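What the coordinates show
Residue strings, one per chain:
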Number of protein chains: 4
Amino acid sequence: MTQRTPAVARAPGRRSRRTSGDVEEAILAATLEILDEAGFKDLTVEAVAARAGAAKTAVYRRWPSKVPLVVDALARSQPALVAPDTGDLRSDMIALWKDLAIGGQRSIERLLPVVTAYLGTDDLMALVRERFFEPRLQAVRTVVARAAARGEIRADADTGLAFDLLFGPLAYRWLRGVPPDDDTISRLISMAIEGLQPRDDGAST
Amino acid sequence: MTQRTPAVARAPGRRSRRTSGDVEEAILAATLEILDEAGFKDLTVEAVAARAGAAKTAVYRRWPSKVPLVVDALARSQPALVAPDTGDLRSDMIALWKDLAIGGQRSIERLLPVVTAYLGTDDLMALVRERFFEPRLQAVRTVVARAAARGEIRADADTGLAFDLLFGPLAYRWLRGVPPDDDTISRLISMAIEGLQPRDDGAST
Amino acid sequence: MTQRTPAVARAPGRRSRRTSGDVEEAILAATLEILDEAGFKDLTVEAVAARAGAAKTAVYRRWPSKVPLVVDALARSQPALVAPDTGDLRSDMIALWKDLAIGGQRSIERLLPVVTAYLGTDDLMALVRERFFEPRLQAVRTVVARAAARGEIRADADTGLAFDLLFGPLAYRWLRGVPPDDDTISRLISMAIEGLQPRDDGAST
Amino acid sequence: MTQRTPAVARAPGRRSRRTSGDVEEAILAATLEILDEAGFKDLTVEAVAARAGAAKTAVYRRWPSKVPLVVDALARSQPALVAPDTGDLRSDMIALWKDLAIGGQRSIERLLPVVTAYLGTDDLMALVRERFFEPRLQAVRTVVARAAARGEIRADADTGLAFDLLFGPLAYRWLRGVPPDDDTISRLISMAIEGLQPRDDGAST
DNA sequence: CCATAAGCGAGACGGTACGTCTAGTCTTATC
DNA sequence: GATAAGACTAGACGTACCGTCTCGCTTATGG
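**Observations regarding the overall build of chain A**
- Helix and strand counts for chain A come out as nine helices and zero strands.
- Walking chain A from its N terminus toward its C terminus, one meets helices and strands in the order α-α-α-α-α-α-α-α-α.
- Going through the 205 residues of chain A one by one, you find that 44% of them count as buried.
- Across chain A, contacts joining residues at least 24 apart in sequence account for 70% of those joining residues at least 6 apart.
- Total accessible area computed for chain A in this model is approximately 10,100 Å², and 49% of it derives from carbon and sulfur atoms.

**Let's talk about the nonpolar core**
- Core analysis: the biggest nonpolar cluster contains 117 residues, and Ile 27 and Met 93 of chain A together with Met 93 of chain B have the highest contact counts within it.
- In terms of nonpolar packing, the next biggest core, distinct from the first, is built from 116 residues, Ala 139 and Ile 185 of chain C together with Val 45 and Met 191 of chain D among them.

**Comments concerning the side chain of Asp 72 of chain A**
All names here are of chain A.
- Within the secondary structure, Asp 72 is located in helix α4 (residues 66–77).
- A polar contact is formed between the side chain of Asp 72 and the side chain of Arg 131, at a distance of 3.2 Å.
- With residues up to four places along the chain from it excluded, the contact list for Asp 72 reads Leu 28, Trp 63 and Arg 131.

**Describing the packing of aromatic side chains**
- Taken as a whole and assessed by the stated rule, the structure comprises 16 aromatic pairs over all chains.
- Consider the rings of Phe 133 of chain A and Tyr 172 of chain B, whose centres lie 5.6 Å apart with planes at 80°: the pair is edge-to-face. Placement of Phe 133 of chain A in helix α7 (residues 122–149) and of Tyr 172 of chain B in helix α8 (residues 159–176) is noted, with the two residues assigned to different chains.
- Overall, Phe 133 of chain A belongs to the buried group, its relative accessible area being 4%.

**A short note on helix α9 (residues 182–194) of chain A**
- Helix length check: α9 of chain A, at 13 residues, gives a terminal C-alpha distance of 18 Å against a target of 18 Å (1.5 Å per residue), a fit within 8%.
- Residues of α9 of chain A that are buried include every one of Thr 184, Ile 185, Leu 188, Ile 189, Ser 190, Met 191, Ala 192, Ile 193 and Glu 194 of chain A, and no others.

**Regarding the packing of helix α1 (residues 23–38) of chain D against helix α2 (residues 45–52) of chain D**
All names here are of chain D.
- Close contact between α1 and α2 brings their axes to 8 Å; oriented N to C, the two are set at 120°. The angle between the axes of α1 and α2 places the two elements in the oblique class. Every pair of crossing elements has a handedness; the one defined by α1 and α2 is right-handed. Here α1 contributes Ala 26, Ile 27, Ala 30, Thr 31, Glu 33, Ile 34 and Glu 37 to the contact with α2, which in turn contributes Ala 47, Val 48, Arg 51 and Ala 52.
- Along the lines of polarity and charge, the residues of the contact of α1 with α2 split into seven nonpolar, one polar and three charged.

**A word on helix α2 (residues 45–52) of chain A**
Residue and element names in this part refer to chain A.
- All of the buried residues along α2 are Val 45, Val 48, Ala 49 and Ala 52. The buried residues of α2 all sit within an arc of 95° when viewed along its axis, so they share a single face. Exposed residues lying more than 90 degrees from the buried face of α2 are Glu 46 and Ala 50.
- Check the buried side of α2 and you find it contacts α1 (23–38), α3 (56–62) and α4.
- With its phi angle positive at about 65°, Gly 53 sits one or two positions after the end of α2.

**A closer look at the environment of Ala 171 of chain D**
- Looking at where Ala 171 of chain D falls in the secondary structure, it is placed in helix α8 (residues 159–176).
- In the structure, Ala 171 of chain D is positioned 29 residues away from Thr 142 of chain D in sequence and 21 Å away in space, judged by C-alpha atoms.

**Considering the environment of Ile 34 of chain C**
- Note on placement: Ile 34 of chain C falls in helix α1 (residues 20–38).
- If we ignore the near neighbours within four places in the chain, the residues touching Ile 34 of chain C are Gly 39, Leu 43, Ala 47, Val 48 and Arg 51 of chain C.

**Some words on the confidence of the model for chain A**
Residue and element names in this part refer to chain A.
- With 73% of its residues at a pLDDT of 70 or more, chain A has an overall mean of 76.
- By mean pLDDT, the top-scoring element of chain A is α2 (95), and the lowest-scoring one is helix α6 (residues 108–116) (60).
- Confidence drops under a pLDDT of 50 for residues 1–18, and excluding neighbours within four residues, the segment shows five contacts in the predicted structure.
- A low-confidence stretch, residues 201–205 stays under pLDDT 50, and its non-local contacts, those more than four residues away or across chains, total four contacts.

**Remarks on the pattern of salt bridges**
- Inspection of the entire model under this criterion finds 47 salt bridges over all chains.
- Residue Arg 51 of chain C is joined to Glu 33 of chain C by a salt bridge in which the shortest nitrogen-to-oxygen separation is 2.7 Å. Here Arg 51 of chain C, found in helix α2 (residues 45–52), pairs with Glu 33 of chain C, found in helix α1; they are 18 residues apart in sequence, far enough to count as distant.
- Linked through salt bridges whose partners overlap, the residues forming this network are Glu 24, Arg 62, Asp 72, Arg 76 and Arg 131 of chain A.

**Quick word on the side chain of Glu 24 of chain D**
- Here Glu 24 of chain D lies in helix α1.
- Polar side-chain contacts of Glu 24 of chain D include one of 3.4 Å to the side chain of Arg 76 of chain D.

**Some words on the packing of α1 of chain D against helix α4 (residues 66–77) of chain D**
Residues and elements named next belong to chain D.
- Two numbers describe how α1 lies on α4: the axes approach to 9 Å, and their chain directions differ by 90°. Classified by the interaxial angle, the pair formed by α1 and α4 is roughly perpendicular. Contacts between α1 and α4 involve Glu 24, Ile 27, Leu 28, Thr 31, Leu 32 and Leu 35 on the former and, on the latter, Leu 69, Val 70, Asp 72, Ala 73, Leu 74, Arg 76 and Ser 77.
- Taken together, the residues that form the contact of α1 with α4 break down as eight nonpolar, two polar and three charged.

**Quick word on the environment of Ala 192 of chain B**
- Locating Ala 192 of chain B in the fold gives a position in helix α9 (residues 182–196).
- What makes Ala 192 of chain B buried here is its relative accessible area of 0%.

Parameters at a glance
The residue numbers shown here count from 1 along each chain, following its written sequence. Chain letters and ligand numbers both follow the written order, the letters beginning at A and the numbers at 1. For this predicted model, a pLDDT threshold of at least 70 governs which residues receive local features, and a threshold of 80 or more governs which side-chain atom pairs are given and counted, while totals over whole chains, interfaces and linings are taken from all residues. Water and hydrogen atoms were dropped before computing side-chain values, which therefore reflect all heavy atoms in the structure. Going along the chain from the N terminus, every DSSP run of H or I of four or more residues is numbered as a helix, and every run of E of two or more is numbered as a strand. Between buried and exposed lies partly exposed: a residue is buried under 20% and exposed over 50% of the maximum accessible area for its type, with that area taken using a 1.4 Å probe on protein chains only. When checking whether two residues touch, look at their non-hydrogen atoms; a contact exists if any pair is within 4.5 Å. Using the Shrake-Rupley algorithm and a 1.4 Å probe, accessible areas are obtained, with residue cover drawn only from the displayed protein chains. For our purposes a nonpolar core is just a set of buried Ala, Val, Leu, Ile, Met, Phe, Trp, Tyr and Cys residues, chained together by side-chain atoms within 4.5 Å. Counting of polar contacts relies on pairs of N or O atoms within 3.5 Å, with two restrictions inside protein: one atom must be capable of donating a hydrogen and the other of accepting it, and residues adjacent in sequence are counted only when both atoms are side-chain atoms. Any two rings among Phe, Tyr and Trp, with Trp reduced to its six-membered ring, count as a pair given centres within 6.5 Å; such a pair is stacked if its planes are under 30 degrees apart, edge-to-face if over 60, and tilted if neither. Expected helix span is computed as 1.5 Å times (number of residues minus one). Axis geometry follows a simple rule: fit a line to the C-alpha atoms, using only the stretch in contact for helices, then measure angles between N-to-C directions, giving values from 0 to 180 degrees. Throughout this description, any angle smaller than 35 degrees is read as roughly parallel, any larger than 145 degrees as roughly antiparallel, any in the 65 to 115 degree range as roughly perpendicular, and the remainder as oblique. Handedness of a helix crossing follows the sense of rotation of the near helix relative to the far helix, less than a right angle counterclockwise being left-handed and clockwise being right-handed. Side-chain classes are defined by residue name, with Ala, Val, Leu, Ile, Met, Phe, Trp, Tyr, Cys and Pro counting as nonpolar, Asp, Glu, Lys and Arg as charged, and the others, Gly among them, as polar. What the arc covers is the set of directions going from the helix axis to the C-beta atoms. Across the chain, each position has a pLDDT score giving the predictor's confidence in that residue, from 0 to 100. In what follows, salt bridge is the name for a side-chain nitrogen of Lys or Arg lying within 4 Å of a carboxyl oxygen of Asp or Glu.

Below, the structure written as structure tokens:
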């Protein structure tokens, strides 16, 4: 007898049930593959299921439709966003930007626009906020806070504004079909930082 | 009846319309209506044709598919973008922003993300660039040039950067589902302008 | 310009592409083929459409589901049931029987049981009655009436009973999986006729 | 309680049931209930299992699929068919008929057509013959044999024909959706009997 | 000034994918 | 070791639109 003991190899405190193949992972992986190859428009649940070697039922059991599936797959595919700590605000920000801008075919700034139209429910938008925007915002907060602690910028710098200034133009560039080059990144960041720096004259706006 | 002539696609030598009803306009109007009511996702060519009182054939005779139809409808619905001329860069920019930010349910920053996923061909993207982004860029150019002429900012200010700094955060805000308020607009613009201002010292880029 | 004139090459008043009548026939033919080959259980609308070279839509446009389709296909496949007229009741009945009993793989007595379970609505059952049972009943009526006119049987013979006696055992045989042979048919008909014949003693029942 | 042993599938040396509930009976009972309520078409194994408070596994462990389950359930639900013995062929036959004709929602003449389509295997058809038709045939044989012994009919009367004449029209009536009334039964039986009666002496009933 | 052909509304056509349902198999944990 | 529970693969269901195509009608020139 074959003495199936897949449970042994598993993490101790993890989930209760588990079938032969890890269907969920296979589906998510297939989703990302097809997303890369064919784009969102041509991604069909049937193709996902087929590539995952799963039944459509297995997909629909977990996600109500294609959009939440894609959102989830994207969310999980995002590498953990660590706030860089180079000791210099500008370097930190460049690092952050490149992480997202250069990094990913699947960066949310690139793919989310595609999906946004289909985010019907508030639930889903909330998920997107939580999974995508919050980590970015948090990373910016960390970086900015460190810079403030170092005295690079004034303590009351508006992180939210910095956030929009950092990622907004990036997203917009993609939207326009004109991906930013390194120099553009560098200059945009300069501008963003300038707004956060201590003012010589002390006055604001 | 006033024999309305369709705004576009009317070559000079072409012979004039034959039927009483202006099918083309009806279709575009129906498209915009459905876009407003149901969004891009739930816009179907059949619904457009039905609402326009036209046959699907009449739609497909003019536009190869749903996406170009929507792009065209959006393009024509955009009000002419006039570069404001208040005598002050900041005021000009705020005026520009508000025009687009507050103005339209159908502003391209709001709707384009929806469509981007489907902009398969370069042709279509080119059209989008020509119809949507170019007028904005031109308006910014005008405003910035006037400011430079007034000496508000240095003559070699990078208009492209300014453009991204102006509209990027706006689009990003919509993407995030957090529409910008007046104060945010004001502060973002301050930051954008700062990057264009003449530098006293000449430190940093 | 290419001067499209496909109509010229066509049969006089006939169709061009593949007219609705064509599709309908193709679908019905495919239905009967699959019914013969695979039986009702394994007949799927998808297979029918595929074999007919039609889209599923084309099937569902005409029939709400599989059962009415099958009923219709069977109904149309039934050859026109002509009441035989041999000048002899017994010969007429044998002819009638064989027509149905021997004739058809698709005789309704053979296939209807299969479908009966799915005849949910009264509408459909009414259709079945009209298409299948009524012609048989009518044929029996004709045959019996002629025999009565000839004086072979009494004038008030109950055609309804004769009908059940003729076709009931036939259907039952098929149900039992024991198709009747010629001799059995002959003997069953003898019995049926006996009940219709004039009684020597003049009494009835 | 009496620890009911399931009627079938209980080999002698098998050891007795372990769990408290009699799963097998529960499943069969649920099958019959759903058959009565919803009909064969809408009977699903899942519904059966649910109503029986059993797992689908428990069903499939015993019956290979839905059809054998239904056949089995029907077979067991049939009351023992006892050949009536009134001392008169006609009365015996009427009794027999009514037993089946009037009696059962679940009479096989009524339900078998439904199932026939699915009796793929010969095994199953053999089971049906053994469980349903053979008892009927046997009962007719008994009744006819007694009548022959009494001299009511000739000794070589064909029981098989009598069988078909008795139950065929009954089944056919159901098929047609026109259940027979008492008078019809009476008259059909008269006809059937006539065919079995001794012919030499002519008439008389 | 009538004939003709272009454009029209209508809607069926072959397709693709949807999201649902049920079948029958298989796995797990419980008792 | 059989149970209840329920996830699994498989595949048909009936629906909604896609983009194409034919049909007759209408209409406005252009021969």
